[in-house]
Structure formats: C-alpha cells, structure tokens
Amino acid sequence: MRRTRILTLLLALGAGLLTGGPPAALAAEAPRAAVAADTYTWKNARIDGGGFVPGIVFSRTEKDLAYARTDIGGAYRWQEASKTWTPLLDHVGWDDWGHTGVVSVASDAVDPDRVYAAVGTYTNDWDPGNGAVLRSADRGASWEKADLPFKLGGNMPGRGMGERLAVDPHDNDVLYLGAPSGNGLWRSTDAGVTWAEVTAFPNPGNYAQDPSDASGYASDNQGIVWVTFDESTGSAGAPTKTVYVGVADKENAVYRSTDAGATWQRVAGQPTGYLAHKGVLDAENGYLYLAYSDTGGPYDGGKGRLYRYATATGTWTDISPVAEADTFYGFSGLTVDRQNPGTVMATAYSSWWPDTQIFRSRDSGATWTQAWNYTSYPDRENRYTMDVSSSPWLTWGANPTPPEQTPKLGWMTEALEIDPFDPDRMMYGTGATIYGTENLTQWDSGGKFAIEPMVRGLEETAVNDLISPPSGAPLLSALGDVGGFRHTSLTEVPPMMFTSPNFTSSTSLDFAEAKPDVVVRSGNLDSGPHIAFSTDNGATWFGGTDPSGVSGGGTVAAGADGGRFVWSPAGAGVHHTTGFGTSWQASSGIPAGAVVESDRVDPKTFYGFKSGKFYVSKDGGATFTASAATGLPAGDSVRFKALPGRAGDVWLAGGAPDGPYGLWHSTDGGATFAKLPDVEAADTVGFGKAAPGASYQTLFTSAKIGGVRGIFRSTDQGATWTRVNDDAHQWGWTGAAITGDPRVYGRVYVATNGRGVVYGDTSGTDPGPGPDPTGACAVTYRITNQWSGGFQADVRLTNTGTGPWNGWSLKWPFANGQQVTQMWNADPTRSGTSVTARNVDWNRNVAPGASVSFGFTGSWSGTNAVPSVFEAAGGRCSVVT
C-alpha cells in the first residue's frame, strides 16, 4: 500500500516540481497580469485515508487529545466531538513541500497545548531542503519552525519506527530528536527553539535497507529511531534522569542514560540480530517493552521478537507470543494500557498474507492471545468484527480465498495505541487507513470487539490526474496506491476505487469531450493490462490490451468523439487505436515518453510534448508532426490541455527555474504559442465554467504570479489573475493536476501529493442545496439488492410539472426503522423516522419531464417494506411501481 508512494512522488516531481516554461515565440504581447484575491472555502473530496499512517500519539495529560502523522500528507489532531481528524500542516508551501512528510510527533506531557512535529520527506537529494522541528503552543493551529542542519525522512525506509521526537515529562523545555543519516542524537533545552547534537551519544546507527542503492534512498543509515523517558526517575521541573534510546544497529540497538543525558551506555544483555522498532516503558511495573524486527520496515520484515527489560534488575525476558521459527514477520506496533499497565499489545506489522496479526497480553507478556486464530486450516476464528461501511472501498473489491478475508485487519501496522484514559479505545494505523475500536476489553471477556475506520478527515492520497466531465459524476481521480475514484458526491466516500483492473497507481485519465460517458485511464499494475476503458462515465471498467513492452501507465488521451485513443505508456513508444484498445499501432513522428492530450473538438486531432517540442496529429494519432513553435520548456516538466468548445485552443504550463518557466497559449493548434507575461512559473492548467457574462471558460493554474505561489483563477483568458487560496491553504506541492468544474462557476479541484483532492468554491457563488422545487413529481423506489441486515435501493425522482427545478429534495418515512448508511448522487439527512435526500451541486437543475436518480445502502431488521409516501415539489409525489 505504500510501495508505490515513492514512485508516485518521483513521477510527480519529474513531471512538475521544477516545471516552468521558456519564453515561446510570442504571437502578441499581452497586458501584464494583475493579481487580486478571492475568499474561497476549501474542502476535501472525501476518500477517508488512502495512505500510510505510521504514528498515532495520545496525550498522556489530557483526555481525548491525540495526533496522527503521515509519511507525506502532514499531521492531524483528533476532534472528539465529531470523531474526525483536523489537518495541521496545510500551511506548508511550495518551497517547503518536503515538510509535509512527518517523521515524528510529540505531545507535551506537561502542557497539553504544546505539540511538536519533526518534518522532512527524504534524506537524499529528492528533497532539496533540510528538515525542521515545528512547534506549536495551540495544539497545531499555528506553528513556529526551527530549521535543522540535516534532512529528515518522513517517507524513507524505517519511517514506522519511533517515536524519534520526545518531550521530557518533567522538564518540558527539554526535547530529544533521533536523526537519520549518521547525524546522531539531538537535544533542545528551550522548548524546541534551538537544537544541538548530544555529542556524548556514542552510536549514530549503521543499518541501511540496501547499502548498494545508488539513489541514496534505501542506502541511508536509518539512525536514531526512538527516545523513551522513564518518568519514575525524575521530579517536576528537573530533567528526567533515565532516558532510553533506540538505534538502527542490530548489535547495539538500545542505549540508556541515568544522568539526564550527560553520559550514555549500551544496555547490557540485550538481544542482537534485530532492530528495535519501538521501546515503550511501563514505569509503574518497571518494564521496558521492545518490539524487534530483522528489517526497518515499513513493509518488509521476515522475523521478529518481543522482549521485556526489567529496569531495576537489568533482566531481559523473551516474551514473544510465538516461536522465532514460526514468525514470517517483524513486530513493531507496541502499546501499554496506562490504566492497566500489565496489559500490552503488539502487531505483526509486516504480515501481509493472510492478514496482519494483533497480540494482547494481560500479564506483562507472560501469555498472549491473538486477534484471530485458525480453527481448522484454512478456516479462522476472529475475536473481532469489522464494519467498513463508512469506507467501503477498504474491501478492495476483493473476494479472497480463505484464510484471507476482506476487509483485512491491515498491513504495515506500525502504529498501535491504547487510549491512556480509556482502556476500551484503541487505534492503529495501516498502509491505507486508521482503524479503531471503542470496546476493546470485549477481547478479554470472550465477546468480540468492534473494529471500524476512525479516519474521517484524514485525507492522504497522492493525486496524479483529475477530470471533471460536463455530465455524469463531477469528479474522477487518478491516484497513487489506491488507483482512483469516481465521486458522484464530493461529501461522501465512494463505494469502491476503480476496479477491473485495479491499478496499484493510476497515472492518467481522460474522457471524450462530446461523449463524456467514454472514459479511459492508464496506470501501473504488477500483472495485467496498464489501460482500462469505461462507457458509463467511470462507473464500471474493462481492461484493454497492452502493446509490447509496456511497463507503466504513462499518459493517455481520448478523442473528442470517443472513437479513438492515443497512449504514451512507459516502456513503449506512443501508440494509437480505434475502438477500445484491443489492438494498437505505433504512432510515428513523436518520441517515446511524450505527454499526450486530445483536441476537445476535432476527434482526429491529438497533441504531444517532449523535450521542448510540441507535436500535432491530424489523423487520429497515426502520424505526428513537430510544431515550429520555439521557446517552450526544454525539459519534460510540462502539462498542457486543449480548451473544450474551441478547436486548436491549447494552454501549456511548465518549465524549470533554470530555464523558461510559465504559461503559454496557442489558438492555432500549437503552430505558435504566446507566453503570458508576469506568470513567473506555472505547473498546471485547467478549465472551468465561464464566469457570468463571460464567453470564455475560466482558467485555473498552480503558479507563481506577482511574486506569490498559489492557486490562481482568470476569467479573461489570463489578462488578469485572482489568487483563490491563501497562506493557510497551500498543501505543499500542487503541481500534478488542476481542473475547474464545467457545471459550477468558480469551483476548482486541486491535486496534492499526500493531502488528497482538495476543492474550493468562491464565497460569492458557492451554490447551496437550493430551495424545494415547486410543481408535480413522481417517484420510483426499487430495492435492487438485499442481504441479512442490509440492502441497496435505487430511487428516481421525475419532474412531472411545467416548470424547471433549481434544487430539489425528496422526503419519505422509514416505517420499519430502516437506516441509510451511505447515499450517492444526493445528500441525506434524517429526522426521527424520516429521511430527506437533497440534490448535490451537479444535479440541482431538473427540467420538466426530466428525471434525477440516486441510490443508497441501508440497514434493516425484521421488515424492509418499500415506503408508500414521498414528498417533494410542495406536495406528495405519485409512486410509480
């Protein structure tokens, strides 16, 4: 689930982080851009999760205060009232994009308002900046920064170990930070304002995942991996005397200081041959628990052990729940029940097949029980139930053979925490989500504890491409790791990612402009096709056939009429086809690796770009000819799009700081390009609905204009610009994709690298749900599927009146107590036994004689009768059977 995240980011960086545009041959000198600002409301198109959560930290001081860290998507704070997560690092800007990778979080045990985050994404040259420690005195609402003289690796191997950052529980001006890359142990004595190396610490670590990796990624020394204080050895206002430190060194993994960090010694008698992923101390009983693996993780690991160290006697005890020979995984997730310190839990973090395992002991590790056991192989018995109805895609659309089940408990389960104030609440992170339970102690009484996603508000997908067709679903996305989704409602989690095939990462999306139900996507897959087609607006898919040599998704373009496609996959040259990719022919005149797009009017015209050259095909992609246009970006960090409704109207963004960089416009199909002045840098371009009174579509770009990096809108073909984001909403790197909404003026969808799809609406034209329609109506309600305790229904509402509806709502009672669990194409509310479904933005307008459809899943018991009364349009609707 995170194996492809590195590739996702590198593809994104290669395609746009250094994008720019050289001064192309100017067809005409345009007026200098004027920059204004607009107030936008920003939200996420809900996916809920979608990325690796390597750390969860509960406050030991204040109930219900918790934080989560992600590897590239920032940090979050738990909101108990709404059971959601609030993002804390959306302010991180373009130049500091690496600070969206969080290597560690620390909550101050003395002052709960204080929180710290150690940030930085890569320790090699993929990340041009150094790491930093961010400090907040208001729980992450605002931050100050202390820059470090070295890099940190929130998305590096070993990122699930930790926590590397720790606050002294007695003297909260003292913090420690474990550094990678041989940089040792660091300390602050002024609450994180300044930092200095602890020169007395003897071992900076020596373990690297793959010392031969020339990129510096897998060959980096994983360094100092955790810091743990023994709070029983100090008093308020004075530094804690005993501190334990974990080191990425299989022979010397644990060190201790008994004089508040003045001197350090290797802890005697410790096991060797493993890395200590976690060190969790139970001061009440005097035990330091350690989770060991033979690798640094987060997804590898073939052997592991659990140990308990008695801090008073120095005795080491192997408390592993299974024999070493029976492990095929490492241990990492590790937590102690602070209300009942003899209760310990751990995870087999790297066990992918058939599932991860969670272990629980109530006697300090003497004996253990497991979350699941085999009864008679391959059958298994679970101590838990799982309900993923809030994030139904977590089943991955799978139908596995036992002993695999769906949904799984997870994988890469390195974060595991019992709420220190509530023994019944436990959360753990996976490569895709946060799961949790609020009745954990059922485990001990013979009942089953209930697991469900506890991830709402935490959005962590890396976005590679976005489309917003003029009809059908308002948003389709191409994502790293989870493939992509079709959003029929931006405020609801889609029921499933794209399947048939299910790409590990989708790289490109397009639709036929004149036939929006025809959609194509390309992506990466270990075994299977790298291209897929849909004829129902992305609701269902079927795989195409790859040309010889294809190794990755590349970019793909759909002809305006949906009858032909051009594909530039990785590993093979540009190809074209008619129909749905059952056979491909090589295109001539265009180099391999070119970015391809289609004209949105002429179905036979396609465009390409590679290494400073723009290419045009007029015969459906069979042959391309290089344009004579000059001055375009010399590199390949370019994105371009053709404008709907105007043949030959092309906008191109890209470049690099050391060459041409900006935004170009062509009105002659790429024969010439004019560079827009004062757009100092641009990395994406997209189109949305024209402003009221305007005849040209609205432009959107992620760019630098007027000296400011941001998301910009123009309603006059780039003559003037309005910045629509603000300094609190920057999301690091936003260079992969952008698009407006052709149905809602001002709405823009922005691709982020780790914060999912964010969308913004201008405060002046943000459409509300609309008033109830007036006029007559008819309803068809059909139960399309029913199973024990659940069902699915489809509803069609028809405007049988004489006037159009500008917004609608449909109300009905559930007399048998049924509950709606998820609805698509409408927004549900409930009052008592009554359910009301209101329009979403894109289906608010219903002409006389037209219909609108929506569906939902629900729960039932006893009886599931079809409602007999429906109200809309100011009165009752007729019911069509």
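Preceding this section is the structure that the text describes.
Residues numbered from 1 in each chain as written. Predicted model: local features only at pLDDT ≥ 70, side-chain atom pairs only at ≥ 80, totals over all residues. Heavy atoms only, no water.

**Q** Can you break down the overall build of the protein chain residue by residue, with the values?
**A** Along the protein chain, the regular secondary structure elements total 2 helices and 72 strands. Counting only C-alpha atoms, the protein chain reaches 80 × 70 × 50 Å along its principal axes. Residues counted as buried form 61% of the 881 residues belonging to the protein chain. A separation threshold of at least 6 residues defines the contact pool for the protein chain, and within that pool the share at least 24 residues apart is 57%. By element, 50% of the accessible surface of the protein chain is carried by carbon and sulfur atoms, the whole surface being about 29,500 Å². Averaging the locations of the 64 positively and 88 negatively charged side chains of the protein chain gives two centres separated by 4 Å. (Helix = DSSP H or I, 4+ residues; strand = E, 2+ residues; numbered from the N terminus. Buried < 20%, exposed > 50% of the residue type's maximum accessible area, 1.4 Å probe, protein only. Contact = heavy atoms within 4.5 Å. Areas by Shrake-Rupley, 256 points an atom, 1.4 Å probe, with all protein chains shown as cover. Lys, Arg positive; Asp, Glu negative; His and termini not counted. Charge placed at Lys NZ, Arg CZ, Asp CG, Glu CD.)

**Q** Residues and numbers for the nonpolar core, please.
**A** By size, the foremost hydrophobic cluster in this structure holds 46 residues, and its most contacted members are Met-345, Trp-393, Tyr-428 and Leu-466. Taken together, the elements giving at least two residues each to this core come down to β30 (416-418), β31 (426-429), β33 (449-453), β34 (463-467), β35 (475-479), β59 (748-751) and β60 (757-762). Once you skip the residues sitting within four places of it in the chain, Met-345 turns out to touch Gly-333, Leu-334, Thr-335, Ile-358, Phe-359, Arg-360, Trp-368, Leu-416, Ile-418, Met-426, Leu-440 and Trp-443. In this structure, Phe-791, Trp-805, Phe-854 and Ala-873 belong to the second largest nonpolar core, which totals 25 residues. (Core = buried A, V, L, I, M, F, W, Y, C linked by side-chain atoms within 4.5 Å.)

**Q** Kindly report on the pattern of salt bridges, identifying the contributing residues and their values.
**A** All told, the structure shown has 34 salt bridges when counted by the stated rule. With a closest N to O distance of 3.8 Å, Arg-362 and Asp-444 form a salt bridge. With Arg-362 in the loop between β25 (358-361) and β26 (369-370) and Asp-444 in helix α2 (residues 442-445), this pair connects stretches of sequence that are 82 residues apart. For Arg-362, a relative accessible area of 55% translates into the label exposed. (Salt bridge = Lys/Arg side-chain N within 4 Å of Asp/Glu carboxyl O.)

**Q** So what's going on with the packing of aromatic side chains? Residues and values would help.
**A** On inspection of all chains with the given rule, the structure shows 50 aromatic pairs. When the centroid spacing of 5.7 Å and the interplanar angle of 40 degrees are considered together, the rings of Tyr-428 and Tyr-435 count as tilted. By relative accessible area, Tyr-428 is classed as buried at 0%. Where Trp-812 meets Phe-814, the ring centres are 6.0 Å apart and the plane angle is 90 degrees; that geometry is what we call edge-to-face. By relative accessible area, which is 0% here, Phe-814 ends up buried. These aromatic residues form a ring-pair network of at least three members: Tyr-781, Phe-791, Trp-808, Trp-812, Phe-814, Phe-854, Phe-856 and Phe-870. Lying over the aromatic face of Phe-503, Arg-521 brings its terminal NZ or CZ to 4.7 Å of the ring centre. (Phe/Tyr/Trp six-rings, centres within 6.5 Å; stacked < 30°, edge-to-face > 60°. Lys NZ or Arg CZ within 6 Å of the ring centre and 35° of its normal.)

**Q** Can you break down the state of the cysteines residue by residue, with the values?
**A** Summed over all chains, the structure comprises 1 disulfide. Between the sulfur of Cys-777 and that of Cys-877 lies a disulfide, 2.0 Å long from S to S. The sign of the S-S torsion, about -95 degrees, decides the handedness of the disulfide formed by Cys-777 and Cys-877: left-handed. Linking Cys-777 in strand β61 (residues 777-787) with Cys-877 in the loop between β71 (875-876) and β72 (878-879), this pair joins segments that are 100 residues apart in sequence. Residue Cys-777 shares its accessibility class with Cys-877, and that shared class is buried. (Disulfide = S-S within 2.5 Å.)

**Q** Kindly report on the sheet that holds strand β15 (residues 224-229), identifying the contributing residues and their values.
**A** One open sheet accounts for 4 strands, arranged β15-β16-β17-β18; its pairing is antiparallel. Looking at the sheet topology across the chains shown, the edges are occupied by β15 and β18 (265-266). Bridging between β15 and strand β16 (residues 243-247) involves 5 bridges; their strand directions are antiparallel. By the bridge assignment for β16, Ile-224 is matched with Val-247. (Pairing = 2+ DSSP bridges.)

**Q** Report on the environment of Phe-791, specifying residues and quantitative values.
**A** One can find Phe-791 in strand β62 (residues 790-799). Residue class for Phe-791 comes out buried when judged on its relative accessible area of 0%. Spatially, the C-alpha atom of Phe-791 lies 9.6 Å from that of Gln-818, the residues being 27 residues apart in sequence.

**Q** Could you give an account of the sheet that holds strand β29 (residues 384-386), with specific residues and numbers?
**A** With respect to topology, 5 strands assemble into an open sheet ordered β29-β33-β32-β31-β30, the strand pairing being mixed. In this open sheet, the two edge strands, each paired with only one partner strand, are β29 and β30. On average, adjacent strands in this sheet sit at an angle of 20 degrees to one another, irrespective of strand direction. Of the strand pairs in this sheet, β30 and β31 are connected by 3 bridges, and their pairing is antiparallel. Residue pairing for β31: Leu-416 is matched across the bridge by Tyr-428. (Axes fitted to C-alpha atoms, helices over the stretch in contact; angles between N-to-C directions.)

**Q** Describe in detail the environment of Thr-605, supporting the description with residues and values.
**A** With respect to the secondary-structure elements, Thr-605 resides in the loop between β45 (595-598) and β46 (606-610). Taking the C-alpha atoms as reference, Thr-605 lies 18 Å from Phe-580; in sequence the two are 25 residues apart. If we ignore the near neighbours within four places in the chain, the residues touching Thr-605 are Ser-598, Asp-599, Val-616, Ser-617 and Lys-618. In terms of polar contacts, Thr-605 uses its side chain to reach the side chain of Asp-602, at 2.8 Å. (Polar contact = N/O pair within 3.5 Å; in protein donor to acceptor, adjacent residues only side chain to side chain.)

**Q** Which residues make up the pairing of β45, and what values go with them?
**A** The alternating pattern of β45 places Val-595 and Glu-597 on one face and Val-596 and Ser-598 on the opposite face, and all of these are buried. For β45 and β46, the ladder comprises 4 bridges, and the chain directions are antiparallel. Looking at the pairing, Ser-598 lines up with Phe-606 of β46.

**Q** Before we move on, can you summarise a nonpolar patch on the surface with the specific residues and values?
**A** Taken together, the side chains of Trp-352, Trp-353, Tyr-374 and Tyr-377 define a hydrophobic patch exposed on the protein surface, amounting to about 470 Å² of accessible area. Within the secondary structure layout, Trp-352 lies in the loop between β24 (344-347) and β25. (Patch = residues over 30% accessible without salt bridge, like charges linked within 9 Å, V, L, I, M, F, W, Y side chains within 5 Å.)

**Q** Explain the side chain of Asp-282 to me, and be specific about the residues and the numbers.
**A** Positionally, Asp-282 belongs in strand β19 (residues 275-282). For the buried residue Asp-282, which engages in no salt bridge, the nearest side chain bearing the opposite charge is Arg-338, 5.3 Å off. Here Glu-284 takes part through its backbone nitrogen, which lies 3.1 Å from a polar atom of the side chain of Asp-282. Dropping the residues within four chain positions of it, Asp-282 is found in contact with Tyr-287, Tyr-289, Val-336, Arg-338 and Pro-341.

**Q** Describe the environment of Met-823, with residues and values.
**A** Looking at where Met-823 falls in the secondary structure, it is placed in strand β65 (residues 819-824). A relative accessible area of 1% places Met-823 in the buried class. Met-823 sits 33 residues away from Phe-856 along the chain, and the two C-alpha atoms are 4.1 Å apart.

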